[in-house]
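# What the coordinates show
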Amino acid sequence: MLSGKAMDTIRACRFCWMCRHLCPVGLVTGREANTPRAKALLLDMEQKGRELMGEYAEDMFQCCLCGACASSCETGYEPPVFIREARRNIASGGLAPREISDVIGDHLKAGDAPGAAAVREVRSAGAAGTADTLFFRGARLSEKNREMADAFGEILEKAGVSYLMFEEEPADGNELFDLIGETAEVKRTAVRCAEAINGSGAERVVVLNPSSARMFRQEYPAWGLELSAEVVTATVFAAELLKSGKVKAERADMEGPVTFHDPCRLARDLDETEAARDIIAAMGCELREMIQSRKITKCCGGTVLASHSPRLAEQTASGRRADADRIGAGSILTACPGCLSVLRGGSGTAEVKDIFVFLNERIRCSE
Ligand code: SF4
Ligand code: SF4
């Protein structure tokens, strides 16, 4: 069963090609099946009685749910709505290819892990009072990219911000949501995570992974889950520390201009594009923009695609890195642990760097 919204979108997209030039997956594969139109057409045919689901199961997962198609749709349709629902049906029907069902199984296990929400406090030198800031790293990603989480923690300490951390961070459900859509399993994971965050007593939660921040700000409230803490992205928080003078950045000596890869969730879903640029400006870097930047950013492929289709994610990341090489950037900075690892898996000349590691290396504390 597909929802009325999904069916309306399918009917609109099945004979429309207007956004195909923006699909980062379709652009690198050149495959018709990787356009929103083809996915809509297949689902429409199935609704009309053709048994196709097993045949197109893999194609339905060859999409990073980046929302580029939706953001450029003049009529306001959102293909990710029907793609998520189709994935849910494929997974619940046991039709997902082995490598995809294995990844889904891993995330289901992570979501069902017994709540180990013990909180510890990291005291920063000179800080007074008890910590009211929870630093949420996005546990699965930080295992792959501890450098970004560690650097951000050091920035907080240099700024004199004491903070709380989960000893074992609960899964927030963002990857599972992309894999199987709005299901009871995803909501159960979200409930556990919301209860853990609310139980920490924090007044604000600073979130490293933009996909987690998107879940907390948009999906959780839509599912009736309210967080008692204010949700702030790590990028905005770091930019505010610089603006308030709590930390200062030394000028970076760079070989060539830098470019910023806007993570889709941060730029498109959360509408946060300027904080990263403020951080880059504070380090005195020459910023050169890629054509697809800010809200029209091009996805690097994303960690979910990389987890079950690594070759396709590598191609998609290489497509994005080619954009940076085309404008002569010496480095690509990004502010998402997932984008960092996926971009590094692609090929290109410009070096891929994490904005928080880069900033942390250049910070000196204020008097
Ligand atoms: S999202 Fe909009 S532009 Fe893209 S295929 Fe659907 S109707 Fe056309
Ligand atoms: S969400 Fe992104 S990857 Fe998926 S069809 Fe749309 S543009 Fe392509």
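Please refer to the structure higher up on the page.
What this report covers is the structure whose coordinates are included nearby. Just so you know, these numbers come straight off a predicted model, no measurement behind them.

### Considering the site of ligand 2
Around ligand 2, the structure places Cys-23, Pro-24, Val-25, Pro-36, Cys-63, Cys-64, Leu-65, Cys-66, Gly-67, Ala-68, Cys-69 and Pro-80. The cavity where ligand 2 resides is the second largest cavity. Of all the elements in the fold, those that place two or more residues in the shell around ligand 2 are helix H2 (24-29) and helix H5 (68-71). Here the shell around ligand 2 is built from residues that sort into 11 nonpolar, one polar and no charged.

### A word on the environment of Ala-96
Within the secondary structure, Ala-96 sits in the loop between helix H6 (79-92) and helix H7 (98-112). Along the primary structure Ala-96 and Glu-351 are separated by 255 residues, whereas in three dimensions their C-alpha atoms are 36 Å apart. With residues near it in sequence (within four places) discarded, Ala-96 still touches Ile-90 and Ser-101.

### Considering the packing of aromatic side chains
Under the definition given, this model contains eight aromatic pairs. The interplanar angle of 80° and the centroid separation of 5.9 Å between the aromatic rings of Phe-135 and Tyr-163 together place this pair among those described as edge-to-face. Highlighted residues: Phe-135 in strand S2 (residues 133-136) and Tyr-163 in strand S3 (residues 163-166), separated in sequence by 28 residues. Here the aromatic cluster, defined as three or more aromatic residues joined through ring pairs, consists of Phe-136, Phe-166, Phe-177, Phe-216, Tyr-220 and Trp-223. Over the face of the ring belonging to Phe-358 we find Arg-362, whose NZ or CZ atom lies 3.8 Å from the ring centre.

### Section: the site of ligand 1
As a matter of local geometry, ligand 1 sits amid Cys-13, Cys-16, Met-18, Cys-19, Cys-73, Tyr-77 and Pro-79. Within the shell around ligand 1, the residues separate by chemical class into seven nonpolar, no polar and no charged.

### Considering the pairing of strand S8 (residues 331-334)
With burial as the criterion, each face of S8 is covered, one bearing Ser-331 and Leu-333 and the other bearing Ile-332 and Thr-334. Bridge analysis of strand S7 (residues 258-261) against S8 gives four bridges, and the strand direction is parallel. What sits directly across from Phe-260, in S8, is Leu-333. Across four bridges, the pairing between S8 and strand S9 (residues 351-354) is parallel. By the bridge assignment for S9, Leu-333 is matched with Lys-353. Note on the crossover from S8 through helix H18 (residues 337-345) to S9: the handedness is right-handed.

What counts as what
Residues numbered from 1 in each chain as written. Chains lettered and ligands numbered in written order. Predicted model: local features only at pLDDT ≥ 70, side-chain atom pairs only at ≥ 80, totals over all residues. Heavy atoms only, no water. Near = heavy atom within 4 Å. 1 Å grid on protein atoms, 1.4 Å probe; cavity = no way out; pocket = protein on both sides within 12 Å on 5 of 7 lines; lining within 4 Å. Sits in = over half its atoms within 2 Å of the grid points. Helix = DSSP H or I, 4+ residues; strand = E, 2+ residues; numbered from the N terminus. Nonpolar A, V, L, I, M, F, W, Y, C, P; charged D, E, K, R; others polar. Contact = heavy atoms within 4.5 Å. Phe/Tyr/Trp six-rings, centres within 6.5 Å; stacked < 30°, edge-to-face > 60°. Lys NZ or Arg CZ within 6 Å of the ring centre and 35° of its normal. Buried < 20%, exposed > 50% of the residue type's maximum accessible area, 1.4 Å probe, protein only. Pairing = 2+ DSSP bridges. Right-handed = clockwise from strand over helix to strand, strands pointing away.

By themselves these figures say nothing about function.
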